[in-house]
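Descriptive structure summary
Letter by letter, the chains look like this.
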Amino acid sequence: SNTSIKLKMYPTSYGDAFLTSGNVPEPINILIDGGYASTYNKYIPPDLKELALKESLKLVEATHIDADHILGLIEFHKSNG
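Definitions and cut-offs
Residues numbered from 1 in each chain as written. Predicted model: local features only at pLDDT ≥ 70, side-chain atom pairs only at ≥ 80, totals over all residues. Heavy atoms only, no water. Helix = DSSP H or I, 4+ residues; strand = E, 2+ residues; numbered from the N terminus. Expected span 1.5 Å × (residues − 1). Buried < 20%, exposed > 50% of the residue type's maximum accessible area, 1.4 Å probe, protein only. Arc of directions from axis to C-beta. Contact = heavy atoms within 4.5 Å. Patch = residues over 30% accessible without salt bridge, like charges linked within 9 Å, V, L, I, M, F, W, Y side chains within 5 Å. Areas by Shrake-Rupley, 256 points an atom, 1.4 Å probe, with all protein chains shown as cover. Salt bridge = Lys/Arg side-chain N within 4 Å of Asp/Glu carboxyl O. Pairing = 2+ DSSP bridges. Core = buried A, V, L, I, M, F, W, Y, C linked by side-chain atoms within 4.5 Å.

Compared with the 18 Å implied by 1.5 Å per residue over 13 residues, the 18 Å span of helix α2 (residues 67–79) between its first and last C-alpha is a close match. If you check which residues of α2 are buried, you get Asp68, His69, Gly72, Leu73 and Phe76. All buried residues of α2 lie within an arc of 135° about the axis, which places them on one face of the element. Contacts from the buried residues of α2 go to β3 (27–32), α1 (37–52) and β4 (59–61). Immediately beyond the C-terminal end of α2, within one or two residues, lies Gly81, with a positive phi of roughly 75°.

Dropping the structure here:
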């Protein structure tokens with residue numbers, strides 16, 4: 001089987017925001033943290049829209065509740081119900 005895992009690290013200035021994608025053994029996509037709201041709004045939606053054409057997120061994870069990790073995830077939830 002063809003097993004691969006990709007990790008995209010978004011430029012956050014502070015905090016973290018990652019999108020992992022893999023096929024182990026089925027497609028698994030995980031958004032880990034979202035940086036500040038400005039990071040989320042500038043970088044992440046285009047990748048999620050492209051992903052949604054063929055797959056979906058399996059998990060959205062907040063590592064901890066500092067603003068530079070969760071404000072982007074709050075934006076994600078606002079825009080996705």
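Past the structure itself, the notes keep going.
What follows concerns a nonpolar patch on the surface. On the surface, a cluster of nonpolar side chains totalling about 370 Å² of accessible area is made up of Tyr14, Tyr36, Leu71 and Ile74. Its place among the elements puts Ile74 in helix α2. For Ile74, a relative accessible area of 38% translates into the label partly exposed.

Of all 6 residues in strand β2 (residues 18–23), 5 are buried, a share of seventy percent or more. Looking at chain direction, strand β1 (residues 5–9) and β2 are connected through 5 bridges and run antiparallel. Across the sheet, the residue bridging to Met9 is Phe18, located in β2. Where β2 meets β3, 6 bridges bridge the pair, whose relative direction is antiparallel. For Thr20, the partnering residue across the bridge sits in β3 and is Ile30. What sits between β2 and β3 in their antiparallel hairpin is a turn of 3 residues.

With 10 residues, the main nonpolar core is built from Tyr10, Ala17, Leu19, Leu31, Tyr40, Ile44, Leu48, Leu51, Leu73 and Phe76. Put simply, the parts of the chain that give this core at least two residues each are α1 and α2. With 4 residues, the top contributor of residues to this core is α1. Residues within four places of Leu19 in sequence aside, it is in contact with Lys6, Leu7, Lys8, Tyr10, Ile30, Leu31, Asp47, Leu48 and Leu57.

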